[in-house]
Amino acid sequence: MQACTALAFNLHRKTEFLVALADYSVKCFDTETKELVSWMRGHDSSVSSISVHGSGRYAITTSTDTAQLWDLDTFQRIRKLNVHQSVGIQKVFFLPLSNTILSCFKDNSVFAWEFDTLHCKYQLPSPVEGSVLLYKVFAVTRDGRTFVAGGKSNHLHLWCLESKRLIKIIQMPEKVRAVRHLEFLPDSFDGGSNQVLGVLSQDNIMRFINIETCKLLFDIGSPEEGISTAAISPNGRYIASVMENGSLNLYSVQALTQEGNKPPPSMFKVVQDGSKSTSETNKLIMKVTPGRSEGSWKSRGSKIQTRLLKLQGNASLENKENELPGGLNKKRLRALLKGFGEYPAKYRMFVWRSLLQLPENHLAFSSLIDKGTHSAFVNIHNKYPIKSRKLLRVLQRTLSALAHWSAIFAETPYIPLLAFPFVKLFQNNPLICFEVVATVVVNFCQHWFEYFPNPPVNVLSMMENVLAHHDKELLQHLIKYNVTSQVYAWPLLETLLSEVLTREEWLKVFDNIFSNHPSYFLMIVVAYIICSRAPLLQCNQAADFEYFFHHRNNLEITAVIKEAYRLMEATPLDIHPQRMLEDFIPLTKGQYPIFNKYPKFIVDYQARERERIRRDEMEYLKERQLAHESEAKAEEQKAEDEAWYQKQKLLQEAEEQRRKMLLEEEEKLAEQRQRLAAIKRDLKVKELQLLDASRRRFLNYQQDQLQMELKRLDDEIARKASMREQETAAAVQDVEVRRMELESQRQLFEQVAEGNVAKAEQKRIDTDWRLQVLQRLRRDDQDREKCYEELVRLLHDNRVREAELLKAMRETEEKKREDIIQKEAQLEEEQKAAAAADEHRKQFLDDKINDALQLSEKLEREDGYFERPCDLNARCTEREVQQVLRSGNICLNDLSAFVQSPHMSLDRRRELARQERELMAEVRRLRQRLISQAKSRHPPAHFPATTWTP
């Protein structure tokens, strides 16, 4: 239950085909099983075209917003081409015999894509032309080398896809204003480079041209029987076209292209229409079927043509009178009408055109149309509001042509009612519509306009005479209630019975009217009245009669037609309308006849009066327009003045309001300033509080750091003091042990002391040397104190210029390293010299040791000055003392170690320990003072990461 929007065949499975439906889906059906194979979805708008690859395994479906590539083996979507809505897609299709996809967009851009990779191969450049041509239809030759595009113009662009350039612009005839379809005509001997192009234009004619010579070869279709769509067979032998009237025509290309065997125009029209009912035409249509050879078609066509010419030449006079255009015969048509009551619906329009013998004067009709819309029908939509705009335009155009043909029709009020049924019936062919209406007016409306602007009293009197002869009772009933022929007959005449009949009934009635004498039209109106006698005899009010003849009634139209035929035969000749009306006369060919059967002075008078009224109305409208303009200007000026005063008042009020607002704003601003000042003060106080808290927190942090540092220093000092006390206790124990050893050896020494005076002398010398060492130590202590003071001063200077002397410190460090290296070298030399001296002195001491020990013990016993002899290995050697003296930088630890040496006396050791404690206290005081001075000069945050320690 969905409409089909596109079809595609030639799939790799030959029994399958693709159908695009109005619900935006694409379905695949099998012709053998008659079942649905697959259902593909993915489009958001209707699919306009389906292109199948040469292998039949892939297909491209195209809509206005996207194109999608499908795999027909799995029915899965492979790729999707998306574009902006502002651009839009016209068509996407495979090039024949290649793996190239061509995409054409609404902005005239054409892209070629590689099918395997879907990469863009190239783009055609924008064509340069005086007038813009928007591409809408496209065609490609079978070899895929030539590409042609057209649109809403009579120009065609011919592109060479190999060189990617525009090689030719073909201009179609002036009658072509837009191109609807393009298709190349294949040829078995051109190798795929097709030369003949079929162009279907807006006039529904398909013209075939040679793209090389640009010559028109032949065309199919006509303005009367136009082509809706067309397709060419793959072998190029046949052209199938769907006509506007719904028929399907099949053309032989060989017959069309051979001038010698080309059928005459009438026969060509028969093949094109497919709707004519003569025996020759029926016989021709039956023989032109797929599978017959072209030669037999041509020979059969020639035989039929010869036979038709022979019949026309030998026909009798009676047959000539009954012969109609298109090979029809009026006598046979009447027999057909009598047998079936109506003509076949499929061939009715063709039969009518033959019965009315329409001349089809294209040039004359075009001249009438070119005069434009008649002034009498410019506002016809106000009086006849028709829903279909197309139908309204056709009605307006037909009435305007009638008014330009004869002035009476511009003044006739009922002419739209008379023409409307035919306009609705022939709305797709304005020429036929006009000629049918004109033929009806000339033949079936005789003597209607002699009493203009009144109804045709003479015609109504004829009808009343016929009614009086056949049904006096009904006429007396109508006269009784003052119902004249203008009430019961004229409404039926002026509307051509369209108000009281349905479409099928009306068509059946006019089948009989057009097949008989014009008087039959009057007889069928009288027959309608007589057949309605039963309901009419029941009416007794004028309104009921008027309603009856303006609305549909339950009446058998076949009975009315039979009654009309009876009236035609039973009416006496003296009152028969046929005596007063002329026979049917068709319109003349080339130009339409002059229609002046009306009181010209009345029409002219009405025209002049209407023109005068129009001029008066125009003057009145101009004066009223001027008055309205003046009034509008006055109102506008008044409104402007009032608006100006109102604006001034508003400005003053606004100014006062602004002053008040300004004062209020100033007051608010002053208050805000006060609040802001208070806030600033609060913020300042908070800021100071925060700064003070931060400073206190920082000082506390620095104090904690200093306390931690001092604690660490105190711990270090306590550790060193503990180590010193331990070393002192160990030294005392060693001294006690040595004392016990010396006590045990004293007796041995006493035995040898007396005999070793030389050794005592040596001991004295050693004692003197020790005294000198002690003196030097005192001097060194004094020098060390000076060095400490100098060190404090240097530390103070260093802290002040620490940031400036970083580079100098690095250089100084380098120099110190060099000095240290030199001093180490010098020290190494001195050590070598001292080692040699020690060896010499040790040798000398080994010789004199015994004597010195004895002398030492003796002297100790005598005055108690010297300490007890000690082991030589425990004494402080001369070399160590010399090294200490040479260093010149004795630290407290060295001093402590020196104090703890075993060869020093206890009193002297205590004195040196006391001096050491005093020196440590002084160092602490100096350090504390130095730290306090550094804090006052430099912020704590600028102290280096490293700290100085004693």
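Residues numbered from 1 in each chain as written. Predicted model: local features only at pLDDT ≥ 70, side-chain atom pairs only at ≥ 80, totals over all residues. Heavy atoms only, no water.

**Student:** I tried to follow the overall build of the protein on my own but got confused; where do I start?
**Tutor:** Summing up its helical and strand segments, the protein has 29 helices and 25 strands in all. Within the protein, the proportion of its 950 residues that are buried is 39%. Summarising the internal contacts of the protein: among those between residues at least 6 apart in sequence, 57% fall at separations of at least 24. By element, 53% of the accessible surface of the protein is carried by carbon and sulfur atoms, the whole surface being about 56100 Å². (Helix = DSSP H or I, 4+ residues; strand = E, 2+ residues; numbered from the N terminus. Buried < 20%, exposed > 50% of the residue type's maximum accessible area, 1.4 Å probe, protein only. Contact = heavy atoms within 4.5 Å. Areas by Shrake-Rupley, 256 points an atom, 1.4 Å probe, with all protein chains shown as cover.)

**Student:** Even after reading the chapter, I still don't get the packing of helix α10 (residues 389-405) against helix α12 (residues 415-425), so can you show me in this structure?
**Tutor:** Two quantities define a packed helix pair, namely the angle between the helix axes and the distance between the axes. For the pair α10 and α12, the least separation of the axes is 10 Å and the interaxial angle reads 125 degrees. With respect to α12, the axis of α10 lies oblique. Between α10 and α12 lies a crossing of right-handed hand. Mapping the contact onto sequence places L391, V394, L395, T398, L399 and L402 in α10 and I415, P416, A419, F420, V423 and K424 in α12. Residue classes in the contact of α10 with α12 are distributed as 10 nonpolar, one polar and one charged. (Axes fitted to C-alpha atoms, helices over the stretch in contact; angles between N-to-C directions. Parallel < 35°, antiparallel > 145°, perpendicular 65-115°, else oblique. Left-handed = near helix turned anticlockwise from the far one by under 90°. Nonpolar A, V, L, I, M, F, W, Y, C, P; charged D, E, K, R; others polar.)

**Student:** What is the right way to read the nonpolar core from this model?
**Tutor:** Note on soluble globular proteins: their nonpolar side chains tend to be buried together. One finds W352, F422, W448, L493, F514 and I524 to be the most contacted residues of the largest nonpolar core, which totals 105 residues. Ranked by the residues each element gives to this core, the list is headed by helix α19 (residues 519-531), at 11 residues. Look past the residues within four positions of L493 in its chain and what remains in contact with it is W448, V459, L460, M463, F521, L522 and V525. In terms of nonpolar packing, the next biggest core, distinct from the first, is built from 16 residues, V110, Y122, L124 and V140 among them. (Core = buried A, V, L, I, M, F, W, Y, C linked by side-chain atoms within 4.5 Å.)

**Student:** For this particular structure, what's the right way to read the pattern of salt bridges?
**Tutor:** Side-chain pairing between opposite charges can occur once the charged atoms of the two side chains come close. All told, the structure shown has 23 salt bridges when counted by the stated rule. For R353, the salt bridge goes to E360, with nearest N and O atoms at 3.0 Å. In this structure, R566 engages E563 in a salt bridge whose closest nitrogen and oxygen atoms are separated by 2.4 Å. You can see R566 and its partner E563 sitting in helix α22 (residues 557-570), three residues apart, about one turn around the helix. Its relative accessible area of 37% is what places R566 among the partly exposed residues. Among the ionic contacts, a cluster of salt bridges with common partners joins R13, E16, R57 and D73. (Salt bridge = Lys/Arg side-chain N within 4 Å of Asp/Glu carboxyl O.)

**Student:** In this structure, what is going on with a nonpolar patch on the surface? I would like to understand it.
**Tutor:** Taken together, M618, Y620 and L621 make up a surface patch of nonpolar side chains, about 270 Å² in accessible area. The topology assignment puts M618 in helix α24 (residues 600-753). (Patch = residues over 30% accessible without salt bridge, like charges linked within 9 Å, V, L, I, M, F, W, Y side chains within 5 Å.)

**Student:** Help me out: how do you make sense of the sheet that holds strand β19 (residues 206-210) in this one?
**Tutor:** Pairing between the strands of a sheet is mediated by backbone hydrogen bonds and can be parallel or antiparallel. Read across the open sheet, the four strands follow the order β17-β18-β19-β20; overall the sheet is antiparallel. A single partner strand is all that each edge strand has here, and the edge strands are β17 (179-185) and β20 (215-220). Going across the sheet, the axis of each strand differs from the next one's by a mean of 25 degrees, ignoring polarity. (Pairing = 2+ DSSP bridges.)

**Student:** Looking at this model, I keep getting lost on helix α18 (residues 503-514). Mind explaining?
**Tutor:** What sets the pattern is the α-helix's 3.6 residues per turn: residues three or four places apart point alike. The end-to-end C-alpha separation of α18 is 16 Å, in line with the 16 Å expected for 12 residues at 1.5 Å each. The buried count for α18 comes to nine of 12 residues, which makes it a mostly enclosed element. By the burial criterion, the buried members of α18 are W506, L507, K508, V509, F510, D511, N512, I513 and F514. Residues of α18 that are buried sit in contact with α6 (330-340), α7 (348-356), α12, α13 (430-444), α19 and α22. (Expected span 1.5 Å × (residues − 1).)

**Student:** In this structure, what is going on with the packing of aromatic side chains? I would like to understand it.
**Tutor:** Geometrically, a pair of aromatic rings is defined through the distance of the ring centres and the angle of the planes. Enumeration according to the criterion identifies 33 aromatic pairs in this entry. Summarising the aromatic geometry, the rings of F94 and F115 are spaced 5.6 Å apart at their centres and angled 75 degrees between planes, so their arrangement reads as edge-to-face. Of this pair, F94 sits in strand β9 (residues 89-94) while F115 sits in the loop between β11 (110-114) and β12 (120-123); the two residues are 21 residues apart in sequence, bridging distant segments of the chain. Each member of the pair, F94 together with F115, is buried. Ring plane angle 20 degrees and centroid distance 4.6 Å describe the contact between F208 and F218, whose orientation is recorded as stacked. Remark: F218 occurs in strand β20 and F208 occurs in strand β19; sequence separation between them is 10 residues. Each member of the pair, F208 as well as F218, is classed as buried. The residue whose ring lies beneath K27 is W39, and the NZ or CZ to ring-centre distance is 4.1 Å. (Phe/Tyr/Trp six-rings, centres within 6.5 Å; stacked < 30°, edge-to-face > 60°. Lys NZ or Arg CZ within 6 Å of the ring centre and 35° of its normal.)

On their own, these measurements won't tell you what the molecule is for.
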